[in-house]
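Structural description and commentary
Here is how the chains run, residue by residue.
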Amino acid sequence: MTAYRESGRTVVLIPAAFTPAEERRWVAQMVAKLQTREERRRRSLGGDDDLMARARALSLAHLDGVPEPASVRWVDNQQRRWGSCTPADRSIRLSSRLRAMPEYVVDYVLVHELAHLVEPSHSTAFWALVARYPRAERARGFLEGIEQASGEPAGRPEGDAVD
Ligand SMILES: [Zn+2]
């Protein structure tokens, strides 16, 4: 049996042979399990300190530790951008909308903003850096899907203050 979220709905897969009583019991258990898992994930993404630690780890893992952000934090006021970076003070901000998304997508946005500390513009050199994160293409596809589903203009850069 599995349970997952899809387009804001909870989908629980159970054997067809279940009685209605069994079905109710299992659905309740699976939903509770899903909530626990999501809660744990929210905690693991955690606060700004956790985000900073994650950014440092990603910098070391994929960018030779060259980008050294001075601050990395969640912000609630970025509805139309996933992340932003100010190279002058080496600060990175991530939209809290990303908290609801898979971790590889959050990591991609972090890598993207970290790469801007090295290459401020979306140059060829910039994209070569970003491509060192193995799931970059997949994450960009995921974000494009969200943007299209929410009716935002297609084709705009995936969003930061340094576009
Ligand atoms: Zn960018």
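Figured I'd write up the structure that's included with this text. (Residues numbered from 1 in each chain as written. Predicted model: local features only at pLDDT ≥ 70, side-chain atom pairs only at ≥ 80, totals over all residues. Heavy atoms only, no water.)

1. Topic: unusual backbone geometry
Non-glycine residue D64 carries a positive phi angle of around 55 degrees. Locating D64 in the fold gives a position in the loop between α2 (48-62) and β3 (71-75). With a relative accessible area of 58%, D64 lands in the exposed category. In this model, R90 sits at a positive phi of 55 degrees, which is unusual for a non-glycine residue. Positionally, R90 belongs in the loop between β4 (83-86) and β5 (91-95). Exposure remark for R90: the relative accessible area of 39% places this residue in the partly exposed category. (Helix = DSSP H or I, 4+ residues; strand = E, 2+ residues; numbered from the N terminus. Buried < 20%, exposed > 50% of the residue type's maximum accessible area, 1.4 Å probe, protein only.)

2. Topic: the packing of aromatic side chains
Applying the stated criterion across every chain yields a total of 3 aromatic pairs. With a centroid separation of 6.4 Å and 75 degrees between ring planes, the pair formed by Y104 and F142 is classed as edge-to-face. You can see Y104 sitting in helix α3 (residues 103-116) and its partner F142 sitting in helix α5 (residues 136-149), a full 38 residues away along the chain. Given a relative accessible area of 11%, Y104 falls into the buried group. By relative accessible area, F142 is classed as partly exposed at 27%. Note on F126 and W127: the rings are 4.9 Å apart at their centroids and 80 degrees apart in plane angle, and the pair reads as edge-to-face. According to the relative accessible area criterion, F126 is buried, its value standing at 0%. Seen from the ring of Y104, R135 lies directly overhead, with NZ or CZ sitting 4.5 Å from the centre. Here the basic side chain of R140 rests over the ring of W127, its NZ or CZ set 4.3 Å away from the ring centre. (Phe/Tyr/Trp six-rings, centres within 6.5 Å; stacked < 30°, edge-to-face > 60°. Lys NZ or Arg CZ within 6 Å of the ring centre and 35° of its normal.)

3. Structural notes on the environment of I14
Relative to the helices and strands, I14 resides in the loop between β2 (9-13) and α1 (20-45). Of the residues examined, I14 reaches a relative accessible area of 26% and is grouped as partly exposed. With 12 residues separating them in the primary sequence, I14 and T2 have C-alpha atoms 7.3 Å apart. With residues near it in sequence (within four places) discarded, I14 still touches M1, E23 and W26. (Contact = heavy atoms within 4.5 Å.)

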